[in-house]
Amino acid sequence: MNVLRRIGSLVLVCALGYLANSPQLISQTAPTAAEAAQEQARDGQHDFDFLFGTWKFHLKRRVNPLSGSNSWIEFDGTAVSQKVWDGRANEDVLELDGRTGHIEGLTLRLYNPQSHQWSLYWANGKAGTIGGPPNVGEFKNGQGVFLCQDTYKGRLVLVRYIWSEITPNSAHFEQSYSDDGGKSWEANWITDQTRVPDESTEANRAPTVAQVDSGTAGKTSAERDGQHDFDFNFGSWETHIKRLTNPLKGSTAWSNLNGTVTVRKLLNGRAQLEEIEAAGPNGHWEGLTLFLYNPQSHQWSQSYANRNDGILNTPSIGEFKSGRGELFDQEIFDGRAILARFVWSDITPNSHHVEQSFSDDGGKTWEPNFIADLTRVAK
């Protein structure tokens with residue numbers, strides 16, 4: 001997760017804010033009525049609003065896609081979908097059972113206000129990782145179509161998601177594969193969902209697409225080790241942030257921000273969604289971080305998305321030892337490949353400390369560039 005990408009957009013936001021309020025620029029670029037209507041028509045940030053709430057699911061899954069098989073397995077379960085960023089993002093958690101086992105996972109959907117498209121990310125409860133590239137697309141005439149290129153059994157395929165037959169209390173979803181460049185499509189995952197009334201006490205679970213179909217039943221205590229390392233992070237926090245202005249350039253100039261952080265539990269604590277909002281002299285920042293625990297590697301990943309572009313960044317991956325969490329990734333910064341390190345430390349029930357650092361010498365030395373101190377908000 002590149003926190004600087006979170007903050008780097010603040011300067012751009014301020015510059016755009018100045019230009020947008022320039023009378024000369026407004027007089028030159030004010031849209032016509034037709035252009036404004038077209039822009040409004042393309043705004044899809046509320047396309048998934050129908051999904052918020054609790055649902056019952058019936059799933060049909062093709063056993064062997066792209067093999068000529070017509071054998072299907074059926075699952076039933078429930079789900080909950082929740083709003084993020086006032087509807088410009090959302091998450092849901094899915095739990096299903098069938099004769100072949102248990103499916104548990106979550107979907108994070110992010111809206112890009114620049115492209116007017118959605119990116120759909122799926123994480124399976126067993127793997128604790130994002131399952132392949134996001135499916136990207138949009139809604140037209142009440143139907144949502146989302147595409148990506150992925151691999152299936154070692155072969156490159158196109159993957160298509162379609163949301164259709166949407167009413168206030170029901171919806172239909174299909175995942176299909178194509179191995180001929182989109183000339184033909186074979187459905188392999190079909191769900192029909194029915195809304196559960198708000199007053200229902202049904203379990204909270206949620207829908208999405210299937211990349212992997214087994215869940216977490218039957219895990220040993222060793223496999224569960226580490227899954228509660230981020231439990232301290234749940235709740236609401238006030239935060240003070242310091243950001244180095246020009247990393248890896250010998251700079252000693254820092255900017256300051258203050259804001260709030262809210263963290264919600266997902267998958268019974270094996271995942272969490274963190275929403276961040278802060279402001280400072282350089283502007284306003286909103287973002288979110290998705291944390292996922294991998295019970296096979298006993299490691300956590302954290303992936304960040306900025307509200308300005310709605311794209312989930314490359315995850316930082318690591319683990320906790322002796323009360324200190326260290327997560328790493330490799331990134332491109334100013335055109336150069338560097339290492340990035342995220343450290344969680346000084347953890348108490350009501351406070352903790354977070355630092356991001358960069359290294360351009362293979363990890364021999366590290367320069368902190370993002371420092372946050374968080375204090376729990378009293379209930």
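Just so we're clear, the structure is a prediction, and the values are computed from it rather than from any experiment.

What counts and how
- Residues numbered from 1 in each chain as written.
- Predicted model: local features only at pLDDT ≥ 70, side-chain atom pairs only at ≥ 80, totals over all residues.
- Heavy atoms only, no water.
- Helix = DSSP H or I, 4+ residues; strand = E, 2+ residues; numbered from the N terminus.
- Buried < 20%, exposed > 50% of the residue type's maximum accessible area, 1.4 Å probe, protein only.
- Contact = heavy atoms within 4.5 Å.
- Areas by Shrake-Rupley, 256 points an atom, 1.4 Å probe, with all protein chains shown as cover.
- Pairing = 2+ DSSP bridges.
- Axes fitted to C-alpha atoms, helices over the stretch in contact; angles between N-to-C directions.
- Core = buried A, V, L, I, M, F, W, Y, C linked by side-chain atoms within 4.5 Å.
- Phe/Tyr/Trp six-rings, centres within 6.5 Å; stacked < 30°, edge-to-face > 60°.
- Lys NZ or Arg CZ within 6 Å of the ring centre and 35° of its normal.

K.L.:
So what about the overall build of the protein? Which residues, and what values?
P.N.:
If you tally the helices and strands in the protein, you get 4 helices and 20 strands. Across the 379 residues in the protein, those meeting the buried criterion constitute 48%. Pairs at least 24 residues apart make up 50% of the contacts formed inside the protein by residues separated by at least 6 positions. Put simply, the protein shows about 17,900 Å² of open surface, and 49% of that area lies on carbon and sulfur atoms.

K.L.:
Which residues make up the sheet that holds strand 12 (residues 254-266), and what values do they have?
P.N.:
Ordered in space as 11-12-13-14-15-16-17-18-19-20, the 10 strands form a closed barrel in which the pairing is antiparallel. Averaged over all adjacent pairs, the angle separating strand axes in this sheet is 25 degrees, with direction ignored. Relative to strand 12, strand 11 (residues 235-244) runs antiparallel, the two being bridged by 10 bridges. Within strand 12, the position partnered with T239 by the bridge is G259.

K.L.:
Can you lay out the nonpolar core for me, pointing to particular residues and giving the numbers?
P.N.:
Counting residues in each nonpolar core, the largest one holds 28 residues, and the members touching the most others are F48, F50, L96, I103, L120, F146 and W163. A total of 4 residues in this core trace back to one element, the largest contributor, which is strand 8 (residues 155-167). Excluding residues within four positions of it along the chain, L96 makes contact with F57, L59, F75, D76, G77, T78, G101, H102 and I103. Ranked by size, the runner-up nonpolar core spans 23 residues in total, among them F234, A278, F342 and L374.

K.L.:
Account for the pairing of strand 9 (residues 170-178), naming residues and giving values.
P.N.:
With 7 of its 9 residues buried, strand 9 lies for the most part within the structure. Taken together, the 8 bridges between strand 8 and strand 9 define a ladder with antiparallel strand orientation. For S164, the partnering residue across the bridge sits in strand 9 and is H172. Between strand 8 and strand 9, which pair antiparallel in sequence order, lie 2 residues. As paired elements, strand 9 and strand 10 (residues 186-196) share 8 bridges and run antiparallel to each other. Note that in strand 10 the partner of A171 across the bridge is Q193.

K.L.:
So, the packing of aromatic side chains: which residues are in play, and what are the values?
P.N.:
According to the stated counting rule, one finds 25 aromatic pairs in the structure shown. An aromatic cluster is defined as three or more aromatic residues linked by ring pairs; in this entry it consists of F48, F50, Y111, W118, F139, F146, Y161, W163 and F173. The cationic tip of R109 hangs over the ring face of F48; the distance from NZ or CZ to the ring centre is 5.1 Å. The ring of W254 has K242 sitting right over it, with the charged end atom 4.9 Å from the ring centre.

K.L.:
So, the sheet that holds strand 10: which residues are in play, and what are the values?
P.N.:
Pairing in this closed barrel of 10 strands is antiparallel, and the strands run 1-2-3-4-5-6-7-8-9-10 around the ring. Between one strand and the next, the sheet's axes are offset by a mean angle of 25 degrees, whatever the strand orientation. In terms of strand pairing, strand 3 (residues 89-98) meets strand 4 (residues 101-112) through 10 bridges, oriented antiparallel. Within the sheet, the bridge partner assigned to V93 lies in strand 4 and is L106.

Keep in mind these values describe shape, not function.
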